[in-house]
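Below are the chains, spelled out letter by letter.
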Amino acid sequence: MQLTIDHETVYRYDDTVSHSTQYLRLTPANSGHQRVVSWQLELPVAASESTDAYGNILHVLTLDTPHSEIRLKARGVVETCDDWLDQPEVLPAPVFLRETALTEPDDAIRALAAAHADAVAANPEAGLTALMQAIADAMPYTQDITHAGTTAAQALALGAGVCQDHSHVFIAACRCLGLPARYVSGYLLSDRDTHVASHAWAEAYDGEQWLGFDISNRQRPDRHHLKLAVGLDYSDASPVRGVRRGGGSEAMQAHAKVSEADQ
């Protein structure tokens, strides 16, 4: 199917910002799952393009004149399919065994992983699917209860969270089991209002291939999912992250509309 994406992120500050840098992972790459038909970024000034350490397309936007608002837009059409064919990897899978501040396990996460250890060892795909279901049961999707800095351990203790939290808990549990796991940011076409558009899920390496798990929706990613970036956690794969000097308090609004393209 063909997905049309219309994404806008707006930062507003209550005082003037003297300098800011935005790191944008807002451009999808071609792969065995998706083909970019058209894509463009609309930015205040030209940004430099490169590839980051994880193989993601990265744009760095620097504003060195005073400003109180930043408006970032991404638009395009991408053709997707249900298959997630293996692609050449930039990094070896064991790199994704590394713990991070957002995915450091506590006793509760270790216990969750241990409860699924035998099933994962016997059949990784089936065992990880059961782990996905257990996390979704333990943490009903709930907006506005966590934030970008909430850790996996904190979210599991709260018993609620959003796709970022579900993914972090899943990743932390997989690493406890000795399985490399990574965070995926992207977009989702959904008919539900609770978690549509900008989305996150996780991938785990079973020793032969990367398997995707959309914990929030209790499903394996399919043609409704469009991948933007991967990383050890949210901080590596977030579509938009920035640093600034000045500005006082910050208000950020992000909206992404995902629809099926007319063909």
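Note that the coordinates shown come from a computational prediction; the quantities given were computed from them, not determined experimentally.

Novice: Got a minute to help me understand the side chain of His166 in this structure?
Specialist: Summarising the element assignment, His166 is placed in helix 5 (residues 163-176). Setting aside its immediate chain neighbours within four residues, His166 contacts Ile135, Met139, Pro140, Tyr141, Gly161, Ile215 and Ser216.

Novice: Before we go on, may I ask you to explain the environment of Leu232 in this structure?
Specialist: Following the sequence through the fold, Leu232 ends up in the loop between strand 9 (225-231) and helix 6 (234-237). The spacing of Leu232 and Trp39 is 193 residues in sequence and 26 Å in space, taken between C-alpha atoms. Dropping the residues within four chain positions of it, Leu232 is found in contact with Tyr54, Val95, Phe96, Arg98, Thr100, Thr103, Ile171, Arg175 and Tyr183.

Novice: What should I look at first to understand the state of the cysteines in this one?
Specialist: In this structure the tally under the stated criterion is zero disulfides. No disulfide involves Cys176; its sulfur sits 9.2 Å from that of Cys174, the nearest cysteine.

Novice: Explain the packing of aromatic side chains to me, please; I cannot follow it from the model alone.
Specialist: For any pair of aromatic rings, the description rests on two quantities: the centre-to-centre distance and the angle between the ring planes. In the structure shown here, the tally under the stated rule is seven aromatic pairs. Arranged with centres 6.2 Å apart and planes meeting at 80°, the rings of Tyr183 and Tyr234 form a pair that is edge-to-face. Taken together, the residues span a long stretch of sequence, with Tyr183 in strand 6 (residues 181-188) and Tyr234 in helix 6 at a distance of 51 residues. Each member of the pair, Tyr183 together with Tyr234, is buried. Here a set of aromatic residues connected by ring pairs shows up, and it is made of Tyr54, Phe96, Tyr205 and Trp210. One cation-aromatic arrangement involves Arg182 over Phe96; the distance from NZ or CZ to the ring centre is 5.5 Å.

Novice: I'm lost on the nonpolar core in this one. Help?
Specialist: One recurring pattern in soluble globular proteins: nonpolar side chains tend to sit buried together. With 55 residues, the main nonpolar core has Leu128, Leu131, Ile135, Phe170, Cys174, Tyr187 and Ile215 as its most contacted residues. Here this core gets seven residues from one element, more than from any other, and that element is helix 5. The contact partners of Phe170, leaving out residues within four places of it in the chain, are Leu128, Leu131, Met132, Ile135, Ala202, Ala204, Phe213 and Ile215. Judged by nonpolar contacts, the second largest core, of eight residues, contains Tyr54, Ala93, Val184 and Trp210.

Novice: I keep staring at the environment of Ala202 and nothing clicks. Help me out?
Specialist: In this structure, Ala202 sits in strand 7 (residues 197-205). On the accessibility criterion, Ala202 (0% relative accessible area) is buried. Dropping the residues within four chain positions of it, Ala202 is found in contact with Ser167, Phe170, Ile171, Arg182, Val184, Leu211, Gly212, Phe213 and Ile215.

Novice: I'm lost on the packing of helix 1 (residues 107-115) against helix 5 in this one. Help?
Specialist: Geometrically, a packed helix pair is captured by the angle between its two axes and the distance between the axes. Look at helix 1 against helix 5: their axes get within 9 Å of each other, and the N-to-C directions meet at 65°. Considering their axes alone, helix 1 and helix 5 lie roughly perpendicular with respect to each other. As helix 1 packs across helix 5, the resulting crossing turns out to be right-handed. Residues Ile109, Arg110, Leu112 and Ala113 of helix 1 lie in contact with helix 5, whose contacting residues are Val169, Ala172, Ala173 and Cys176. The residue makeup of the contact of helix 1 with helix 5, split by class, is seven nonpolar, no polar and one charged.

Novice: Explain unusual backbone geometry here, please?
Specialist: Among all residues except glycine, the phi angle is most often negative; among peptide bonds, the trans geometry is most common. For Asp144, which is not glycine, the phi torsion reads 65° and is therefore positive. Along the polypeptide, Asp144 turns up in the loop between helix 3 (124-138) and helix 4 (152-158). Overall, the relative accessible area of 79% leaves Asp144 in the exposed class. A positive phi angle, close to 55°, is found at Arg218, a residue other than glycine. Along the polypeptide, Arg218 turns up in the loop between strand 8 (210-213) and strand 9. The class of Arg218 is partly exposed, set by a relative accessible area of 37%.

Novice: For this particular structure, what's the right way to read the pattern of salt bridges?
Specialist: Pairs can form between side chains of opposite charge whenever their charged atoms are close. Under the criterion given, the structure shown has 16 salt bridges. Close ionic contact of Glu8 with Arg71 constitutes a salt bridge, the shortest N to O distance being 2.9 Å. Pair noted here: Glu8 is in strand 1 (residues 2-24) and Arg71 is in strand 5 (residues 67-80), with a separation of 63 residues, a long-range link. Exposure remark for Glu8: the relative accessible area of 24% places this residue in the partly exposed category. By relative accessible area, which is 32% here, Arg71 ends up partly exposed. Between Glu203 and Arg182 there is a salt bridge, with the nearest N and O atoms lying 2.7 Å from each other. Of this pair, Glu203 sits in strand 7 while Arg182 sits in strand 6, placing them 21 residues apart in sequence. A relative accessible area of 5% means that Arg182 is categorised as buried. It is possible to trace a salt-bridge network through shared partners that takes in Glu8, Arg12, Glu69, Arg71 and Lys73.

Criteria and thresholds
- Residues numbered from 1 in each chain as written.
- Predicted model: local features only at pLDDT ≥ 70, side-chain atom pairs only at ≥ 80, totals over all residues.
- Heavy atoms only, no water.
- Helix = DSSP H or I, 4+ residues; strand = E, 2+ residues; numbered from the N terminus.
- Contact = heavy atoms within 4.5 Å.
- Disulfide = S-S within 2.5 Å.
- Phe/Tyr/Trp six-rings, centres within 6.5 Å; stacked < 30°, edge-to-face > 60°.
- Buried < 20%, exposed > 50% of the residue type's maximum accessible area, 1.4 Å probe, protein only.
- Lys NZ or Arg CZ within 6 Å of the ring centre and 35° of its normal.
- Core = buried A, V, L, I, M, F, W, Y, C linked by side-chain atoms within 4.5 Å.
- Axes fitted to C-alpha atoms, helices over the stretch in contact; angles between N-to-C directions.
- Parallel < 35°, antiparallel > 145°, perpendicular 65-115°, else oblique.
- Left-handed = near helix turned anticlockwise from the far one by under 90°.
- Nonpolar A, V, L, I, M, F, W, Y, C, P; charged D, E, K, R; others polar.
- Salt bridge = Lys/Arg side-chain N within 4 Å of Asp/Glu carboxyl O.

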